[in-house]
Amino acid sequence: MTNTTVEPDEATRLRNKVVDELCADGNISSSEIEAVMRKVPRHDFTPTDTPLDKAYDTYAAVITKTDEHGVQLSSVSAPQIQAMMLEQAQVKPGMRVLEIGSGGLNAAYLAELVGEDGEVVTVDIDPVVTDRARHLLDEHGYGRVHVVTADAAEPIPDLGEVDIVMVTAGAWDISPVWTAQLKQGGRLVVPLRMRGLTRSVSFIQVNGEHGPYLESESAKICGFVPMQGSNAHREELLLVNGTPEIGLKFDDGLPADPHRLDNAVTFPRHELWTGVTVRIQELIDTLQMAMAISLPGFCTMAVDENSDTGVVDPVNKRFALAAVEDDTFAYLVTRRTKDNKHLEYGVHALGPHAEQFADKIADVLRDWEADRRGGPSPVIRVYPVGTPDEQIPADRVIDKVHSRISLSWPSA
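Within any chain, residue numbers begin from 1 and follow the written order of that chain's sequence. In view of the model being predicted, local features appear only for residues whose pLDDT reaches at least 70, and side-chain atom pairs are presented and counted only at 80 or more, with totals across whole chains, interfaces and linings using the full set of residues. Side-chain measures here rest on the full set of heavy atoms in the structure, leaving out hydrogens and waters.

- As recorded in an unreviewed UniProt entry, the protein chain goes by the name Protein-L-isoaspartate O-methyltransferase, listed as coming from Streptomyces fimbriatus.
- UniProt, in its Sequence similarities (unreviewed entry) section for the protein chain, records the words "Belongs to the methyltransferase superfamily. L-isoaspartyl/D-aspartyl protein methyltransferase family."
- UniProt positions are given in the numbering used here, feature names are shortened, and annotations may be inferred rather than shown by experiment. Here is the UniProt Subcellular location (unreviewed entry) comment for the protein chain, exactly as written: "Cytoplasm".

Right, here's the structure in full:
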């Protein structure tokens, strides 16, 4: 489908190197996705001033638009993320696919996968993004892709039913429109934010006893530019003690009485090492989810480096797993083990009940190590808003505007 053009040998070499790496690390497992990612010239869909080595960085996105404050509004996702989500989507020839969050490149991949008998509709709220996508798709022979400028959380006129909805912008909620547009048994792939953690989730529709709901087939760690429009959602920031030094970010609303934390930093920092160790490169996605499910006050913590006095000492000042319980807060830290091959997890806690709260968080980590480590991710189910509690099997229910999302660990 692409035009016959002479590409720089270096671009071809780098593109093949990226695909070789993705095949080797398991992000690409199907020959169809391997073929389209070798074929479509990724660098042509990035900004013209993007160096080839940046365009073909296997694990990094290329930012295409920011606002006046430097906040990222649009990007070309990393090859690893694109491959992962295409594998999750299981696109077949002849399918109809709706892509939400346009840019051109992923739509080109989808057009190759559905073939001449399929159809791809790509939608974005930003006319600058859709204009650019239309130009790039036409230039590379993908004129059959329908490009629409609209808020995809609202109904797309004359769309009809589709086999797959693929969302390529970070979503906090599941719009009812997306599920309404799916055919029976269709698949929704979406980077869904739950309690501040984002996972690319592949959902299928299930006809339950009380009506249809979505159930996850897979969930993988990812990061995405947040969605704009009516489905946009911002985390709420709690500045501990009213200063910009320590910020706690809550995805589902602040604690009932956040001022109870006002004096937490006046207490000595309690430090506890848990004995739970992980390999340096080990994925900790299920550990993150274990904390999010088990701790009602789960949040993330960031430290303003310009105001940092050392009251807290996270390893990563921009992002640390944390939690709040009444008048006390705590966060995770790590240190290298003596063999220099592993990291041990610790807990720092501040407040009048620091020791007890640190013990509680350590127990969550030890339970994860004993029962969840190396196992499957929680099953994620999405129910319509208003679904009664008794119809939702869950270890944790997260209430959104349009949906109720349940997280449940699979049976042992």
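Back to the write-up after that little detour.
**Focus: the overall build of the protein chain**
Piece 1. Of regular secondary structure, the protein chain possesses 9 helices and 19 strands.
Piece 2. C-alpha atoms define the radius of gyration in this analysis, and the globule rule sets the expected value at 2.2 Å times the number of residues to the power 0.38. Compactness check: the protein chain gives a C-alpha radius of gyration of 23 Å against a globular reference of 22 Å for 412 residues, within 12% of the reference.
Piece 3. Oriented by its inertia axes, the alpha-carbon framework of the protein chain measures out at about 65 × 55 × 45 Å.
Piece 4. When contacts within the protein chain are restricted to residue pairs at least 6 apart in sequence, those whose partners lie at least 24 apart make up 59%.
Piece 5. Here the accessible surface of atoms and residues is derived via Shrake-Rupley with a 1.4 Å probe, and residues count as covered only by protein chains that are part of the display. Working note: accessible area of the protein chain is about 18900 Å², and carbon and sulfur atoms make up 48% of it.
Piece 6. A residue counts as positive if it is Lys or Arg and as negative if it is Asp or Glu; His and the chain ends are not included. Note that the charge is assigned to NZ on lysines, CZ on arginines, CG on aspartates and CD on glutamates. Across the protein chain, the centroid of the 38 positively charged side chains sits 4 Å from that of the 63 negatively charged ones. Under the scheme used here, helices are H or I runs from DSSP no shorter than 4 residues and strands are E runs no shorter than 2 residues, and both carry numbers assigned from the N terminus. Contact definition: two residues touch when any of their heavy atoms are within 4.5 Å.

**Section: the packing of helix H8 (residues 285-294) against helix H9 (residues 354-372)**
Piece 1. With their axes 10 Å apart at the nearest point, H8 and H9 run at an angle of 130 degrees to one another. For the element pair H8 / H9, the angle class is oblique. The interaxial crossing formed by H8 with H9 has right-handed handedness. On H9, the residues that touch Thr286, Leu287, Ala290, Met291 and Ser294 of H8 are Ile361, Val364, Leu365, Trp368 and Arg372.
Piece 2. Looking at the contact of H8 with H9, its residues break down into 7 nonpolar, 2 polar and 1 charged. The axes used here are C-alpha line fits, helices contributing only the stretch in contact, and every angle between their N-to-C directions lies in the interval 0 to 180 degrees. When an angle is under 35 degrees it counts as roughly parallel; over 145 it counts as roughly antiparallel; between 65 and 115 it counts as roughly perpendicular; any other value is oblique. If you view the pair so one helix is near and one far, a crossing is left-handed when the near helix is turned anticlockwise from the far one by less than a right angle, and right-handed when it is turned clockwise. The classification used treats Ala, Val, Leu, Ile, Met, Phe, Trp, Tyr, Cys and Pro as nonpolar, Asp, Glu, Lys and Arg as charged, and all other residues, Gly among them, as polar.

**Things to note about the environment of Ala256**
Piece 1. Here Ala256 lies in the loop between strand S11 (246-250) and strand S12 (270-279).
Piece 2. In sequence terms Ala256 and Ala171 are 85 residues apart; their C-alpha atoms lie 25 Å from each other.

**Describing helix H6 (residues 127-139)**
One full turn of an α-helix is made of 3.6 residues, so residues set three or four places apart face in the same direction.
Piece 1. With 13 residues, H6 extends 18 Å between its outermost C-alpha atoms, agreeing within 8% with the 18 Å of an ideal straight helix rising 1.5 Å per residue.
Piece 2. N or O atoms within 3.5 Å of each other form a polar contact, as long as, within protein, one can give a hydrogen and the other can take it, and as long as residues adjacent in sequence are counted only when both atoms are side-chain atoms. N-cap assignment for H6: the residue whose side-chain oxygen lies 2.9 Å from the backbone N of Val128 is Asp126.
Piece 3. Remark: Gly141 follows H6 within two positions and exhibits a positive phi of approximately 85 degrees. Multiplying 1.5 Å by the helix residue count minus one yields the expected span of that helix.

**Some thoughts on the sheet that holds strand S16 (residues 342-350)**
Piece 1. Strand order in the open sheet made by the 7 strands is S10-S11-S13-S14-S15-S16-S12, with antiparallel pairing throughout. Single-partner strands in this sheet number two, and they are strand S10 (236-239) and S12. Going from strand to strand, the sheet's axes swing by 35 degrees on average, the running direction of each strand aside.
Piece 2. Paired strands are those between which DSSP finds at least two bridges. Looking at chain direction, S10 and S11 are connected through 4 bridges and run antiparallel. When the sheet's bridge partners are listed, Leu238 is paired in S11 with Leu248.
Piece 3. Helix-sheet contacts for H8 involve strand S13 (298-303), strand S14 (320-325), strand S15 (328-336) and S16, and the interaxial angle to S13 is about 115 degrees.
Piece 4. This element, H9, spans S12, S14, S15 and S16 of the sheet and lies at about 10 degrees to S12.

**Digging into the pattern of salt bridges**
Piece 1. Between Lys or Arg on one side and Asp or Glu on the other, a salt bridge is scored when a side-chain nitrogen of the former is within 4 Å of a carboxyl oxygen of the latter. Applying the stated rule across the entire model yields 25 salt bridges.
Piece 2. Where Arg144 meets Glu116, a salt bridge forms, and the shortest distance between an N and an O atom there is 3.5 Å. Of the two residues, Arg144 is situated in the loop between H6 and strand S5 (146-149) and Glu116 in the loop between helix H5 (105-114) and strand S4 (119-124); the sequence distance between them amounts to 28 residues.
Piece 3. One salt bridge in this structure joins Glu282 and Arg279, with 3.7 Å as the shortest N-O distance.
Piece 4. If you follow the salt bridges from partner to partner, you end up with Arg279, Glu282, Glu369 and Arg373 in one network.

**Details of the environment of Asn16**
Piece 1. Residue position: Asn16 is located in helix H1 (residues 9-24).
Piece 2. Once the C-alpha coordinates of Asn16 and Glu34 are considered, the two residues, 18 residues apart in sequence, prove to be 9.5 Å apart.

**Concerning the nonpolar core**
Piece 1. Ranked by internal contacts, the top residues of the largest apolar core, which has 58 residues, are Val165, Trp178, Leu188, Val190, Phe203, Met291 and Ile361.
Piece 2. Residue contributions to this core peak at 8 residues, all from H9.
Piece 3. With residues up to four places along the chain from it excluded, the contact list for Val165 reads Leu98, Ile100, Trp178, Leu182, Arg187, Leu188 and Val189.
Piece 4. By nonpolar core is meant a set of buried Ala, Val, Leu, Ile, Met, Phe, Trp, Tyr and Cys residues that side-chain atoms within 4.5 Å join together. In this scheme, a residue with accessible area under 20% of its type's maximum is buried, one over 50% is exposed, and one in between is partly exposed, where area comes from a 1.4 Å probe on protein chains only. Counting 42 residues, the second-largest nonpolar core is a separate cluster that includes Phe45, Ile81, Ala107 and Val189.

**Notes on the packing of H1 against helix H2 (residues 31-39)**
Piece 1. For the pair H1 and H2, the least separation of the axes is 9 Å and the interaxial angle reads 160 degrees. As summarised for this structure, H1 and H2 are arranged roughly antiparallel, according to the angle between their axes. Seen along the crossing, H1 lies across H2 with a hand that is right-handed. Here H1 contributes Arg15, Asn16, Val19, Asp20, Leu22 and Cys23 to the contact with H2, which in turn contributes Glu34, Met37, Arg38 and Lys39.
Piece 2. When grouped by side-chain class, the residues that make up the contact of H1 with H2 number 4 nonpolar, 1 polar and 5 charged.

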